[in-house]
Amino acid sequence: MRKQIAAANWKMNLNLSEAKNLVNEIISSSYGLNNDQIVLIAVPFPYLIEIQHLLKGNSHFNVCAQNCASTCNGAYTGEVSAKMLNELNVNYVIIGHSERRLLYHEDNKTLAQKVDLALENKLTPIFCCGEALETRDDENQNNFVENQLKESLFHLSAEHFSKIVIAYEPIWAIGTGKTASSDQAQEMHKHLRKVIEGKYGVAISESTSILYGGSVKASNAKEIFSKADVDGGLVGGASLIANEFIAIINSLK
Ligand code: PEP
């Protein structure tokens, strides 16, 4: 059975004491999570060790990095490599978030390099994809997102691809309060699963977790997660509010 994942993306928010309080509140709630359900908290780099320490002993909870470099090492001031994350025992990294694509001009080729380095260093990439509003208005969203997968992931061997988690995040729904309807999410997830099946076969396609992201909150998570091809969510704004994120975790199916 594929993993169901509730992933928090804190972005560049919270001071350290707010971050620790939030995590303590989240882990003090009780959840009936099973072995196929996980919770990820993507924190700013400087908080990784402290938050990892707080999560120790909670087998369902893991920290996640929000990015990694597209190069191994060298004169890249300000960058953090996949190897460095691996040395900290970090197991997950977000790659290709739309804010990285838009604000830092990360293209599909650069993201392919990041994915390779993440996998080489035993990190699970949470690979983000998603279209802008104009693309959806042109009804070209399926081709656009499919192409993001092809250019950044489809060079991988089946063994490597089977380690990828995909997060479909339509850009027009991120931080806007505008959520894709559960049917729009399901339609894209189903399409991506078909595309993955065409390249890697049905077994890998059926075992790939595909998360939805874009204004997920307590009030809509259950409906979105109930769709057959939606395996949880990547959550920005609502993950900064303990009660919201607790309810989102409890909405995993
Ligand atoms: C995100 O940043 O990945 C995201 C989905 O943000 P929000 O939930 O705030 O739309």
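You'll find the structure just up there.
Keep in mind the model is a prediction, meaning the values are calculated, not measured.

A. Local environment of the sheet that holds strand E3 (residues 61-64). Taken in spatial order, the eight strands make up an open sheet running E3-E2-E1-E8-E7-E6-E5-E4, and their pairing is parallel. This sheet does not close on itself; its edge strands, each paired only once, are E3 and strand E4 (92-95). Between one strand axis and the next, the sheet turns through 25° on average, direction left out of account. Seen against the sheet, helix H9 (residues 182-200) touches strand E5 (124-129), strand E6 (165-168) and strand E7 (210-213) and runs at an angle of roughly 150° to E7.

B. Representation of a nonpolar patch on the surface within the structure. A grouping of Leu102, Leu103 and Tyr104 is seen on the molecular surface, where their side chains present a nonpolar patch of about 350 Å² in accessible area. Turning to its location among the elements, Tyr104 is positioned in the loop between helix H4 (98-103) and helix H5 (108-120).

C. Here's a closer look at the packing of aromatic side chains. A complete count under the given rule lists five aromatic pairs for this structure. With a centroid separation of 5.8 Å and 50° between ring planes, the pair formed by Tyr31 and Phe61 is classed as tilted. Of the two residues, Tyr31 is situated in the loop between helix H1 (16-28) and strand E2 (37-42) and Phe61 in strand E3; the sequence distance between them amounts to 30 residues. What makes Phe61 buried here is its relative accessible area of 7%. The rings of Phe154, Phe161 and Tyr200 are connected pair by pair, giving a single aromatic cluster. Taking NZ or CZ as reference, Arg100 lies 4.1 Å from the ring centre of Tyr104, over its face.

D. Region of the structure containing the site of the ligand. Around the ligand, the structure places 14 residues, and the nearest of them are Lys11, Glu169, Gly175, Ser215 and Gly236. Between the ligand and His97 there is a distance of 2.9 Å, counted from an oxygen atom to a side-chain nitrogen or oxygen. The backbone of Gly236 places a nitrogen or oxygen atom 2.8 Å from an oxygen atom of the ligand. Here the ligand, which alone exposes 290 Å², has 96% of that area covered by the protein. Residue composition of the shell around the ligand, by class: four nonpolar, eight polar and two charged.

E. Layout of the pattern of salt bridges. Enumeration according to the criterion identifies 15 salt bridges in this entry. For Glu106, the salt bridge identified is with Lys114, shortest N-O distance 2.8 Å. In this structure, Glu106 and Lys114 share a single accessibility class: buried. In this structure, the salt-bridge partner of Asp229 is Arg193, at a minimum N-O distance of 2.5 Å.

Calculation rules
- Residues numbered from 1 in each chain as written.
- Predicted model: local features only at pLDDT ≥ 70, side-chain atom pairs only at ≥ 80, totals over all residues.
- Heavy atoms only, no water.
- Pairing = 2+ DSSP bridges.
- Helix = DSSP H or I, 4+ residues; strand = E, 2+ residues; numbered from the N terminus.
- Axes fitted to C-alpha atoms, helices over the stretch in contact; angles between N-to-C directions.
- Contact = heavy atoms within 4.5 Å.
- Patch = residues over 30% accessible without salt bridge, like charges linked within 9 Å, V, L, I, M, F, W, Y side chains within 5 Å.
- Areas by Shrake-Rupley, 256 points an atom, 1.4 Å probe, with all protein chains shown as cover.
- Salt bridge = Lys/Arg side-chain N within 4 Å of Asp/Glu carboxyl O.
- Phe/Tyr/Trp six-rings, centres within 6.5 Å; stacked < 30°, edge-to-face > 60°.
- Buried < 20%, exposed > 50% of the residue type's maximum accessible area, 1.4 Å probe, protein only.
- Lys NZ or Arg CZ within 6 Å of the ring centre and 35° of its normal.
- Near = heavy atom within 4 Å.
- Polar contact = N/O pair within 3.5 Å; in protein donor to acceptor, adjacent residues only side chain to side chain.
- Nonpolar A, V, L, I, M, F, W, Y, C, P; charged D, E, K, R; others polar.

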